[in-house]
Amino acid sequence: MILSWLKRENGNFKNEDFWHKGDYMSIHEKIKQIKSGELTAELNMRNFLEKIRKEDKKINSFIYLNPNVIAEAKAIDKKIKDGKAGKLAGLAIAVKSNINVSGMMVSCASKTLEDYYAPFDANVIKKIKEEDGIIIGMTNMDEFACGSSGETSAFKPTHNPAVLGKIPGGSSSGSAAAVSADFCDLALGSDTGGSIRNPASHCNVVGLKPTYGSVSRYGLIDLSMSLDQIGPFSKTVDGVELLYSIIKGKDENDATTKDFRSFKQNKESIKQNWKSVTIGLSHDFEKLCNKEIYNLIKKKVEIIANKNKWKIEHIQLENIDLAVQAYYPLCYVEFFSATRRFDGRKYGKRIEEVCGPEVLRRILGGSEISKAEYKGLYYRNALKAKGLIKRDFENAFKRVDIIICPTIPKLPHDIGESITPEEMYSYDAMTIPANLAEIPAISVPAGMIGEIPIGMQLMSDKFNEDLLFNVAKEVEKLR
Amino acid sequence: MDFLWHLVSEEERENIKKEAKRIMDSFAKALAKVGNERVDESIIRTEQTRKETNAECDESFRKMFMNNAPEKDDDFILAEKGKWKLQK
């Protein structure tokens, strides 16, 4: 059976294919096919494995494939026949290599952990397995999530299926590329300063960074624990919405998670207030962004606002120009602290002896500024700036429901091209603010500049993901 | 410079250290403008204890954990380096 999901010819990564509707199957349609028996879980896995075998040599999105995937699919098929299958039954889910999946290689794309096999399941994996999702493999990424381009992996860079030769974005490069290239149904990534939304934008797929505290990080190998969140990738908003609904919720093993029952996502009230949605645009984002990219996004916002009779308001976010400068001291210090366990004793190798330049820069930088912190010049001031940015967003959400801007402020560079660390860090100028403010944000494909996909970022107030999904679906309809 | 992964030489290591400090100093300069403005930054917890679940112990955990250890002696991970290791 040839699925429309897989209908592109092998290796034919034409950009039009990624933009126009018709190449997409909603995740619910796929689930329907599997549950009706039109497509078995086993055939679904075999189709993906065949495609990966043929095409992943040039994308390099997977580091490790699940050797038991067919046996697991057969067991799910039996559950489907018995009418006992869960919500993700038979779907292939790719997982970033910094999330523990029992028995699989969780290398963080590093030499440090290249021999490390996870002895337990992260909370999110446990939930996916409970709903009969199948982990197809572990994806490539920037080494220890240190990077915004997908280039810093010790297993060679990930390539961008949407525009070969250009960076796929990072750090969840392999997860975004695997979804983009149709190597899986859904994927998981982690987002500390944009590591889900950034590659989602470059690879022309949908990616969500949930509210801080909505998804358990138990079993995530952390980059910066005060900012990290695990989130989903899909080709469509409904796929992201589905996977998020499975992985969210309080976990006793992650003290930052909250009980969702106290944050009622009232779908009914969203429906009732649908006509009074107010979109926020900000010149403070516009100042940080390439003009052509910003104008494309602004035009799309005007189209959806006109269509739905929504109001557009201009808001001030006066401290977001400090986001990058606040983020990196926090990240350097917390990453330095997190890596002290990689001393080569209990597992892996000593990190400083086998890591690449970007990981070493963050370890050495984190060590230096930790020693110099007595004046509060780095971490303490960064925390203050984080607080100010958070306050800016809290004030903005008193006036508007959704804030929209481009996901990435500039066009991607070629893989292997020479740029400065500051230029690399500036890729995340639009995504970092959501991490600092602890709010949810989603990147949705919004168009092309030449051959380059452009993502639109939508942000809402904390725990208001349902509104994000509904508005993002309006953007999706413009395809 | 490109961002492709490679092992770092001693000379490059020194340069990276200096560069990291330079970047952090330039960021600190920008952050100095936040001045003494006080911002509340805290996590408020209403519960101070963790609820224990009745989850069963995974029997394979110990075996998999031991398999990851670079050096072990029967049922023990040899976690010390340097002096103690030399004595052995």
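Here, the structure is the one placed above.
Residues numbered from 1 in each chain as written. Chains lettered and ligands numbered in written order. Predicted model: local features only at pLDDT ≥ 70, side-chain atom pairs only at ≥ 80, totals over all residues. Heavy atoms only, no water.

(A) Structural detail: the overall build of chain B. For chain B, the helix and strand inventory stands at three helices and two strands. Going residue by residue from the N terminus, the α and β elements of chain B occur as α-α-β-β-α. Across the 88 residues in chain B, those meeting the buried criterion constitute 17%. Summed over all atoms, the accessible surface of chain B reaches about 7,500 Å², with 50% contributed by carbon and sulfur. (Helix = DSSP H or I, 4+ residues; strand = E, 2+ residues; numbered from the N terminus. Buried < 20%, exposed > 50% of the residue type's maximum accessible area, 1.4 Å probe, protein only. Areas by Shrake-Rupley, 256 points an atom, 1.4 Å probe, with all protein chains shown as cover.)

(B) Broad picture of the state of the cysteines. All names here are of chain A. If you walk through the whole model with that rule in mind, you get zero disulfides over all chains. No disulfide involves Cys146; its nearest neighbouring cysteine sulfur is the one of Cys331, lying 6.3 Å away. Residue Cys146 is classed as buried on the basis of its relative accessible area, which comes to 0%. Of all cysteine sulfurs in the structure, the one in Cys405 sits closest to Cys289, which takes part in no disulfide; the separation is 7.7 Å. (Disulfide = S-S within 2.5 Å.)

(C) Here's a closer look at the interface of chain B and chain A. Counting from both sides, the interface comprises 47 residues of chain B and, opposite them, 68 residues of chain A. Of the roughly 5,000 Å² buried where chain B meets chain A, counting both sides, 64% is carbon and sulfur surface. When the shortest N-O distance is used, the salt bridge between Asp321 of chain A and Lys33 of chain B registers 3.5 Å. For the interface between chain B and chain A, the tally reads nine residue pairs in polar contact (both at pLDDT 80 or more). Counting only elements with at least two residues in the side of chain B that touches chain A, the list comes to α1 (10–31) and α2 (59–68) of chain B. Broken down by element, the residue count for the side of chain B that touches chain A peaks at 15 residues, all from α1 of chain B. Taken together, the residues of the side of chain B that touches chain A sort by class into 25 nonpolar, four polar and 18 charged. (Contact = heavy atoms within 4.5 Å. Buried area = accessible area lost by both parts, 1.4 Å probe. Salt bridge = Lys/Arg side-chain N within 4 Å of Asp/Glu carboxyl O. Polar contact = N/O pair within 3.5 Å; in protein donor to acceptor, adjacent residues only side chain to side chain. Nonpolar A, V, L, I, M, F, W, Y, C, P; charged D, E, K, R; others polar.)

(D) Fine view of unusual backbone geometry. Residues and elements named next belong to chain A. Of note, the amide linkage connecting Gly170 to Ser171 takes the cis form, showing an omega dihedral of 15 degrees. Of note in this structure, Ala109 is not a glycine but carries a positive phi near 50 degrees. With respect to the element layout, Ala109 can be found in the loop between β2 (92–96) and α5 (123–130). Of note in the backbone geometry, Ala145 takes a positive phi value of approximately 65 degrees without being a glycine. Secondary-structure assignment places Ala145 in the loop between β3 (134–139) and α6 (173–180). Take Ala145: its relative accessible area is 4%, and that puts it in the buried class.

(E) Fine view of empty space enclosed by the protein. Residue and element names in this part refer to chain A. Enumeration over the complete set of coordinates arrives at three cavities of 30 Å³ or more. Its volume calculated, the largest cavity comes out at about 50 Å³. In this structure, the largest cavity is lined by Ala145, Gly147, Ser148, Gly170, Thr192, Gly193, Ser195, Leu223, Tyr327, Tyr328, Arg362 and Asp428. Tallied by class, residues from the lining of the largest cavity come to four nonpolar, six polar and two charged. (1 Å grid on protein atoms, 1.4 Å probe; cavity = no way out; pocket = protein on both sides within 12 Å on 5 of 7 lines; lining within 4 Å. Points joined across faces, edges and corners; volume = space filled by probe spheres on them.)

(F) The arrangement of the pattern of salt bridges in detail. All names here are of chain A. Evaluation of the coordinates by the stated rule reveals 38 salt bridges over all chains. One salt bridge in this structure joins Glu114 and Lys349, with 3.0 Å as the shortest N-O distance. Residue Glu114 is located in the loop between β2 and α5, and its partner Lys349 is located in the loop between α12 (323–338) and α13 (351–354); the two are separated by 235 residues in the primary sequence. You can call Glu114 partly exposed: its relative accessible area is 24%. When its relative accessible area of 30% is taken as the criterion, Lys349 is described as partly exposed. The salt bridge involving Asp182 is made with Lys235; its shortest N-O contact spans 2.9 Å. Here Lys235 lies in the loop between β6 (229–234) and α8 (237–247) and Asp182 lies in the loop between α6 and β4 (186–191), a separation of 53 residues in the sequence. Classification of Asp182 by relative accessible area gives buried; the value is 3%. A cluster of three or more residues bridged by salt bridges with shared partners is formed by Lys111, Glu114, Asp115 and Lys349.

(G) Seen up close, the sheet that holds β3 of chain A. Residue and element names in this part refer to chain A. Taking strand neighbours across the sheet as the criterion, the eleven strands line up as β1-β3-β2-β4-β6-β5-β10-β11-β9-β7-β8 in an open arrangement whose pairing is mixed. Strands with a single pairing partner mark the edges of an open sheet, and in this sheet they are β1 (62–65) and β8 (311–314). Neighbour-to-neighbour, the strand axes of the sheet open up by a mean angle of 30 degrees, direction not taken into account. (Pairing = 2+ DSSP bridges. Axes fitted to C-alpha atoms, helices over the stretch in contact; angles between N-to-C directions.)

(H) Representation of the pairing of β6 of chain A in the model. Residues and elements named next belong to chain A. The buried fraction of β6 amounts to six of the six residues, a majority that puts the element mostly inside the structure. Where β4 meets β6, five bridges bridge the pair, whose relative direction is antiparallel. From the neighbouring strand, Asp191 faces β6, where its bridge partner is Gln229. Note that strand β5 (residues 206–209) and β6 share two bridges and pair antiparallel. Counted as the bridge partner of Val206 is Ser234 from β6.

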